[in-house]
Amino acid sequence: MTLNPVDQPTFAITTPLYYVNGLPHIGSAYTTIAADVVARFYRLMGHPVLMITGTDEHGQKIQRTAEERGMSPQSHCDEVAAGFERLWELLNIDCDRFIRTTAPRHNVIVNEFFQRVWEQGDIYQGQQQGWYCVSCEEFKEERDLLSDQRCPIHTNKSVEWRDESNYFFKLSKYQEQLDQLYADRPDFIQPESRRNEVLSFVKRGLQDFSISRINLDWGFPVPTDSGHTLYVWFDALLGYITALQDPDEDPSLEQAVARWWPINIHLIGKDILRFHAVYWPAMLMSAGLPVPGRVYGHGFLTKDGQKMGKSQGNTLDPVELVKKYGADAVRYYFVREIEFGKDGDFNETRFINVLNADLANDLGNLLNRTLKMAARYCGDRVPEIDPQTISADNPLRAIGVSLTKTVAEAYTHLAFSQACTAILALVQASNKFVDDQAPWSLFKQGKQAETEAVLYAVLESVRQAAYLLSPIIPGISNQIYAQLGLTADFNDKAIGQGLNYAEQATWGYLPPGQPLGVASPVFQRLEPLEPVASS
RNA sequence: GGCUCAGUAGCUCAGUGGUAGAGCAGGGGACUCAUAAGCCCUUGGUCGCGUGUUCAAAUCACGCCUGAGCCA
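Reading the values: rules and limits
- Residues numbered from 1 in each chain as written.
- Chains lettered and ligands numbered in written order.
- Predicted model: local features only at pLDDT ≥ 70, side-chain atom pairs only at ≥ 80, totals over all residues.
- Heavy atoms only, no water.
- Helix = DSSP H or I, 4+ residues; strand = E, 2+ residues; numbered from the N terminus.
- Buried < 20%, exposed > 50% of the residue type's maximum accessible area, 1.4 Å probe, protein only.
- Contact = heavy atoms within 4.5 Å.
- Pairing = 2+ DSSP bridges.
- Axes fitted to C-alpha atoms, helices over the stretch in contact; angles between N-to-C directions.
- Salt bridge = Lys/Arg side-chain N within 4 Å of Asp/Glu carboxyl O.
- Near = heavy atom within 4 Å.
- Polar contact = N/O pair within 3.5 Å; in protein donor to acceptor, adjacent residues only side chain to side chain.
- Nonpolar A, V, L, I, M, F, W, Y, C, P; charged D, E, K, R; others polar.
- Core = buried A, V, L, I, M, F, W, Y, C linked by side-chain atoms within 4.5 Å.
- UniProt positions renumbered as here; feature names shortened; annotations may be inferred.
- Parallel < 35°, antiparallel > 145°, perpendicular 65-115°, else oblique.
- Left-handed = near helix turned anticlockwise from the far one by under 90°.
- Expected span 1.5 Å × (residues − 1).
- Bend = angle between axes of the 7 residues up to and from the residue.
- pLDDT = per-residue confidence, 0-100.
- Phe/Tyr/Trp six-rings, centres within 6.5 Å; stacked < 30°, edge-to-face > 60°.
- Lys NZ or Arg CZ within 6 Å of the ring centre and 35° of its normal.

By the naming in an unreviewed UniProt entry, chain A goes by Methionine--tRNA ligase and is assigned to Shackletoniella antarctica.

Here it is as structure tokens:
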């Protein structure tokens, strides 16, 4: 059965465009891993997929950071953006588009978009005065400030008094339309707790927001007034649109939204929820574009239960982590151990425990022990069993058959942890099945047919598990397929055409009689950490 | 200050009226195909605190404490 990708609806997903104030932190890695998992799952199902990530490079904060480093803003951005791309490569994340907001083609899209909104009469000039935090790139209320006029978020930075002429976007005009959007599409903002937050914010009444700054060089000029520079957020959100277009094409807003718009899922951290769930849809409405499918605000990560931050001195360097443990391990831990949407914790002991238990002991060892038996008892081939002859009551077949739907639903709901739990249940049942059936005894008793039936069921269960886990641990899935004698490259973006979901996601695919590969641990057990005396 | 969410086994969490659960970690056992893995058994909890409603509360109501968040 072949499936033409154009038969399937397109699927586009974004991470935030990360601010290049510094090298990527673990939180950015977390979001991007999640987006990659979703993208890979949709590719598996045969959808044409566009996964977008990138960097947000304008704004005063960047300008000043570059100055402090004695660099031009552009070379600072180039350096940091390259750091992001390297990390994605290390994590085995192959995004389809990496958009940088300093790209010239982005400027074209921004200008066109601005023009549309301008023609709607949704932009006007006004005066804004108040205390401005450069780190937040936001005006602050005086009563929110700490002593010495310091920003409550950036406690070591003083805010600056600004009294300037700005351009404003008429957000207030879209109050009713936004209310309607949230009412019509309860799934627009997820998870539920985030949605409630936005609803209560919007209910209080929306105020127009400033979309320009003066005295700022590092940004795009306001098309209608070159003395002003576009506010970094206005420009950054539009990066999602620019990214849709092939970089080689001439940039045009109309072309950009032709195929992949509207984006299906914006995956974001909960801190930037308002920009994505309120400002962004209003901007799109003004420009006459449909709004995205879902905005999903996930939680934050802590380390050993503590907030992470440079000032607290407890950060988790994603580059070090992935170099130490490998992409699959890091991907699996965050996806499996953290309930997506809620805050989650990183703890290295726990990290090691989970990976050893799930990947080395349960999954890896299951494959290994079964392959060794198949080599010895079945001539190094998949047993010649017609899967249809295996009883529907067979515990593995029963689980495997229902697993397909369970896992697909979990992935589509971004309930990665549930997907893992369901898949691991098959693996655990398989280990139990091996022990219960004791194929080594069956073989010694000369019960060849029974031995083969047991081993087939287990091998097939490992295969199904590997296929369904491939969006999360593509490297391990590749190894498992290879050892089962199957040809697969789960990093191939056309995977859904090569290894069709309808066929491979279900239990009973493994071709009988096929020569098996060489057994070798797919995930090496990690050494437990030496207990450290707490100081 | 207002509002929202959370507080259940050492850890991560499920359970929303009817005799306290899972996974991991810890302890014991039998087996041997296997990455000293797996399998079986098991230790462990006044379900944040208090009052109330009910025949019955982890679950409902009210108050409080602690933590996180949104808003002002």
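A word on the environment of Ala 465
Position of Ala 465 among the secondary structure elements: in helix H16 (residues 448-469). Here Ala 465 falls in the buried class, since its relative accessible area comes to 0%. Measuring from C-alpha to C-alpha, the distance between Ala 465 and Gly 126 comes to 59 Å, with 339 residues separating the pair along the chain. Sequence-distant contacts of Ala 465, defined by excluding residues within four places in its chain, comprise Leu 363, Ile 423 and Val 427.

Looking at the sheet that holds strand S6 (residues 160-169)
In any sheet, the strands associate via hydrogen bonds between backbone groups, in a parallel or an antiparallel arrangement. A sheet is described by the order of its strands in space; here four strands give the open sequence S5-S4-S6-S8, paired in antiparallel fashion. This sheet does not close on itself; its edge strands, each paired only once, are strand S5 (138-140) and strand S8 (209-210). Across three bridges, the pairing between strand S4 (residues 123-133) and S5 is antiparallel. Bridge pairing in S5 links Tyr 132 to Phe 139. Each of S5, S6 and S8 touches helix H9 (residues 273-286); the most contacted strand, S6, lies at about 40 degrees to it.

Quick word on the pattern of salt bridges
Counted under the stated rule, the structure contains 17 salt bridges. A salt bridge links Glu 57 to Arg 100, with the nearest nitrogen and oxygen atoms 2.6 Å apart. Taken together, the positions of Glu 57 in the loop between strand S2 (49-56) and helix H2 (60-68) and Arg 100 in strand S3 (residues 97-100) put the pair 43 residues apart, joining distant regions of the chain. The exposure class assigned to Glu 57 is buried, which follows from its relative accessible area of 0%. Residues joined in a network through salt bridges with shared partners are Arg 43, Asp 94, Asp 96 and Lys 493.

Considering the protein's contact with RNA strand B
In the vicinity of RNA strand B, 34 residues are found, and the nearest of them are Arg 274, Lys 342, Asn 365, Arg 369 and Phe 523. Sugar plus phosphate, as a fraction of atoms of RNA strand B within 4 Å of the protein: 74%. A distance of 3.1 Å is found between a sugar or linking oxygen of RNA strand B and a side-chain nitrogen or oxygen belonging to Glu 197. Between RNA strand B and Asn 361 there is a distance of 2.9 Å, counted from a sugar or linking oxygen to a backbone nitrogen or oxygen. Those elements giving two or more residues to the surface near RNA strand B turn out to be helix H6 (192-203), helix H12 (348-377), helix H14 (416-437) and helix H15 (439-444). At 14 residues, the largest contribution of residues to the surface near RNA strand B is made by H12.

Details of the packing of helix H10 (residues 318-325) against helix H11 (residues 327-337)
Contact geometry of H10 with H11 gives a least axis separation of 6 Å together with a crossing angle of 115 degrees. Residue-level contacts link Leu 321, Val 322 and Tyr 325 of H10 to Ala 327, Ala 329, Val 330 and Phe 334 of H11. Tallied by class, residues from the contact of H10 with H11 come to seven nonpolar, no polar and no charged.

Re the nonpolar core
Counting 117 residues, the largest nonpolar core has Phe 334, Phe 351 and Leu 363 as the members making the most contacts within it. If you tally residues by element for this core, the top one is H12, at 13 residues.

Focus: the environment of Pro 292
For Pro 292, the position within the fold is in the loop between H9 and strand S13 (294-298). Given a relative accessible area of 0%, Pro 292 falls into the buried group. A C-alpha to C-alpha distance of 8.1 Å links Pro 292 and Phe 188, two positions 104 residues apart in sequence. Not counting the four nearest positions on each side in its chain, Pro 292 is found in contact with Arg 185, Phe 188, Pro 262, Ile 263, His 266, Trp 280 and Leu 284.

Some thoughts on the sheet that holds strand S16 (residues 344-346)
Across the sheet, which stays open at both edges, the three strands sit in the order S15-S14-S16 with mixed pairing between neighbours. Strand pairing shows two members of the sheet lacking a second neighbour, strand S15 (306-307) and S16, which therefore form its edges. Judged from the two bridges that link them, strand S14 (residues 301-303) and S15 form a sheet pairing that is antiparallel. Opposite Lys 303, over in S15, you have Gln 306 as the bridge partner.

Overview of the UniProt feature "short sequence motif: 'HIGH' region" (unreviewed entry) in chain A
Mapped onto this structure's residue numbering, the UniProt feature "short sequence motif: 'HIGH' region" (unreviewed entry) falls at residues 18-28. Secondary structure content for residues 18-28 is 27% helix and 18% strand, and the end C-alpha separation is 7 Å.

Let's talk about the packing of helix H5 (residues 175-184) against H6
Running from N to C, H5 and H6 cross one another at 155 degrees; their axes reach a closest spacing of 11 Å. Taken together, H5 and H6 sit at an angle that is classed as roughly antiparallel. Between H5 and H6 the crossing geometry is left-handed. Here Gln 175, Asp 179 and Tyr 182 of H5 lie close against H6, whose contacting residues are Arg 195, Val 198, Leu 199 and Val 202. Class assignment for the residues of the contact of H5 with H6 results in four nonpolar, one polar and two charged.

Digging into H12
If you check H12, its first and last C-alpha atoms are 40 Å apart, about what 30 residues at 1.5 Å a residue would give, namely 44 Å. Within H12, the axis deviates most sharply at Asn 365, by approximately 40 degrees. Positioned one or two residues after H12, Gly 379 has a phi angle of 65 degrees, which is positive.

What to know about the UniProt feature "binding site: Zn(2+)" (unreviewed entry) in chain A
Here the UniProt feature "binding site: Zn(2+)" (unreviewed entry) sits at Cys 133, Cys 136, Cys 151 and His 154. Assessed through its relative accessible area of 1%, Cys 133 is described here as buried.

Looking at the confidence of the model for chain A
Chain-level statistics for chain A give a pLDDT mean of 89 and a share of 94% at 70 or above. Low confidence marks residues 1-5, where pLDDT is under 50. Its contacts with residues over four positions away, or in another chain, come to eight contacts. What the predictor reports for the complex is a pTM of 0.92 with an ipTM of 0.90.

Digging into the packing of aromatic side chains
Inspection of every chain in the model, using the stated rule, returns 34 aromatic pairs. Centre to centre, the rings of Tyr 18 and Trp 88 are 5.9 Å apart; their planes meet at 50 degrees, and the pair counts as tilted. Of this pair, Tyr 18 sits in strand S1 (residues 11-19) while Trp 88 sits in helix H3 (residues 73-90), placing them 70 residues apart in sequence. As far as the burial class goes, Tyr 18 and Trp 88 line up, both buried. The interplanar angle of 20 degrees and the centroid separation of 5.9 Å between the aromatic rings of Phe 114 and Trp 118 together place this pair among those described as stacked. Taken together, the positions of Phe 114 and Trp 118, both in helix H4 (residues 104-119) and four residues apart, correspond to about one turn of that helix. Looking at Trp 118, the relative accessible area reads 32%, which means it is partly exposed. One aromatic cluster is present, formed by Tyr 30, Tyr 296, Tyr 325, Tyr 333, Phe 334, Phe 340, Phe 346, Phe 351 and Phe 416 through successive ring pairs. Over the face of the ring belonging to Phe 300 we find Lys 270, whose NZ or CZ atom lies 4.9 Å from the ring centre.

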